[in-house]
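The lines below spell out each chain.
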Amino acid sequence: MSEKRASAGAISVAMVGKGGVGKTALTVLLTKVLVGSNGKLLVVDADPVVGLPQALGARVGKTMGDVSEEIISAARTGGKKAKIEVVSMLDYMVLEALVELDGFALLAMGKREGEGCFCPVNDILRDALKSLSRSFDVILIDGEAGVEQVNRRVTDKVDVLLMVTDPTIRGVQTAALINDVAQKRKAGEAARMGLVITRVREGQEEQLRAAAEQAGLEVVGLIPEDRNITEYDLAGKPLFDIENTSPSVVAVREMASKLGLL
């Protein structure tokens, strides 16, 4: 990342798409290639399932869901003094949920605070990101499956919105739907929106690019199928530890460079 970009404030990158297309893997690989570059890196797991920490080889104690539950509990059962104390401690509570790792920090959304609307946690996360962005140069957001993250505006005012899909025509069509939702709701108001296709096999590139063009999407990354990822997943090893020479890592590094993240 250039010195000019770093001085302009944090640049945020959000990964969105349907479940099982490789958003978390892409977030991990982006984290891997950005660690050690100029600037401080914050990685946000915005999926209540909380699968990103394991893929990064990290442990999370408190999540933003836990913070939200504490606030909601104080609002429902505490008196006026308790509510004021919780609000005054909000910044400290958020920092408690922030995990400092080697070269980057991690913030997890965590579980839902019960049945129904997840809006309170989303609001807290969004406000926390606004505050934390002053201390970081790059923010990576691993979004929840589906278009809900766009609808809920968790990815509000991101700089780069990456629509992630598997190498199928249906996947590209789903990405086009997400793109339409983002455009209509101005979700992210991103300076750059693009399609990232994962697990691409040799010979599929041309057909997938044609499908993306027909759907009105710009392909910013084609990540090849990588047996190293499969082996790491089967062995339960953190994907973050994958070799730098792995095809997927090389492709993500090239994509990050083209997006101006390196």
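Residues numbered from 1 in each chain as written. Predicted model: local features only at pLDDT ≥ 70, side-chain atom pairs only at ≥ 80, totals over all residues. Heavy atoms only, no water.

J.: Tell me about the overall build of the protein, and please be specific about residues and values.
T.: A count of helices and strands for the protein gives 12 helices and eight strands. The burial tally for the protein puts 50% of its 262 residues in the buried class. As displayed, the protein has an accessible area near 12,900 Å², and 48% of this comes from carbon and sulfur atoms. (Helix = DSSP H or I, 4+ residues; strand = E, 2+ residues; numbered from the N terminus. Buried < 20%, exposed > 50% of the residue type's maximum accessible area, 1.4 Å probe, protein only. Areas by Shrake-Rupley, 256 points an atom, 1.4 Å probe, with all protein chains shown as cover.)

J.: Describe in detail the confidence of the model for the protein, supporting the description with residues and values.
T.: Here the protein averages 83 in pLDDT, and 81% of its residues register 70 or above. Within the model, the stretch residues 1-7 combines pLDDT values under 50 with 12 contacts to residues more than four positions away or in other chains. (pLDDT = per-residue confidence, 0-100. Contact = heavy atoms within 4.5 Å.)

J.: Got a sec to walk through unusual backbone geometry? Specific residues and values, please.
T.: The phi dihedral of R199 falls on the positive side, at around 55 degrees, and the residue is not glycine. Mapped onto the fold, R199 is located in strand 7 (residues 192-200). Classification of R199 by relative accessible area gives partly exposed; the value is 38%.

J.: Give me the environment of V33: which residues, what numbers.
T.: By the secondary structure assignment, V33 is in helix 2 (residues 23-34). When its relative accessible area of 8% is taken as the criterion, V33 is described as buried.

J.: Give me the packing of aromatic side chains: which residues, what numbers.
T.: Counted according to the given criterion, the structure contains one aromatic pair. Ring centres of F104 and F240 lie 5.7 Å apart, and the angle between their planes is 50 degrees; this geometry places the pair in the tilted category. Here the residue F104 occupies a position in strand 4 (residues 104-108), and F240 occupies one in the loop between helix 11 (227-235) and helix 12 (247-258), the gap between them amounting to 136 residues. A residue is classified by how much of its surface remains accessible, and F104, at 6% relative accessible area, is buried. Exposure remark for F240: the relative accessible area of 17% places this residue in the buried category. Here the basic side chain of K32 rests over the ring of F240, its NZ or CZ set 5.4 Å away from the ring centre. (Phe/Tyr/Trp six-rings, centres within 6.5 Å; stacked < 30°, edge-to-face > 60°. Lys NZ or Arg CZ within 6 Å of the ring centre and 35° of its normal.)

J.: Tell me about the pattern of salt bridges, and name the residues and values.
T.: Applying the stated rule across the entire model yields four salt bridges. Put simply, E96 and K62 hold a salt bridge, and the shortest N to O gap is 2.8 Å. Separated by 34 residues along the polypeptide, E96 in helix 6 (residues 90-97) and K62 in the loop between helix 3 (52-56) and helix 4 (64-77) bring together distant segments of the chain. By relative accessible area, which is 18% here, K62 ends up buried. Linking R192 and E218 is a salt bridge whose minimum nitrogen-to-oxygen distance equals 2.9 Å. Taken together, the residues R192 in strand 7 and E218 in the loop between helix 10 (205-214) and strand 8 (219-224) connect sequence positions 26 residues apart. Classification of R192 by relative accessible area gives partly exposed; the value is 30%. E218 sits in the partly exposed class, given a relative accessible area of 39%. (Salt bridge = Lys/Arg side-chain N within 4 Å of Asp/Glu carboxyl O.)

J.: Which residues make up the nonpolar core, and what are the values?
T.: Generally speaking, soluble globular proteins have nonpolar side chains that are buried together. If you look at the biggest cluster of nonpolar residues, it comprises 39 residues, and the most contacted ones within it are L26, L30, L140 and L162. Broken down by element, the residue count for this core peaks at six residues, all from helix 2. Every residue in contact with L140, bar those within four places of it in the chain, is listed here: V13, M15, T27, L30, T31, L34, L41, L42, V43 and V44. Ranked by size, the runner-up nonpolar core spans 37 residues in total, among them A97, L129, I139 and V200. (Core = buried A, V, L, I, M, F, W, Y, C linked by side-chain atoms within 4.5 Å.)

J.: So, the pairing of strand 3 (residues 98-101): which residues are in play, and what are the values?
T.: By the bridge criterion, four bridges tie strand 3 to strand 4 in an arrangement that is antiparallel. Bridge pairing in strand 4 places V99 opposite L106. With antiparallel pairing between neighbouring strands as the criterion, strand 3 and strand 4 make up a hairpin whose turn holds two residues, including G103 at a positive phi of roughly 100 degrees. (Pairing = 2+ DSSP bridges.)

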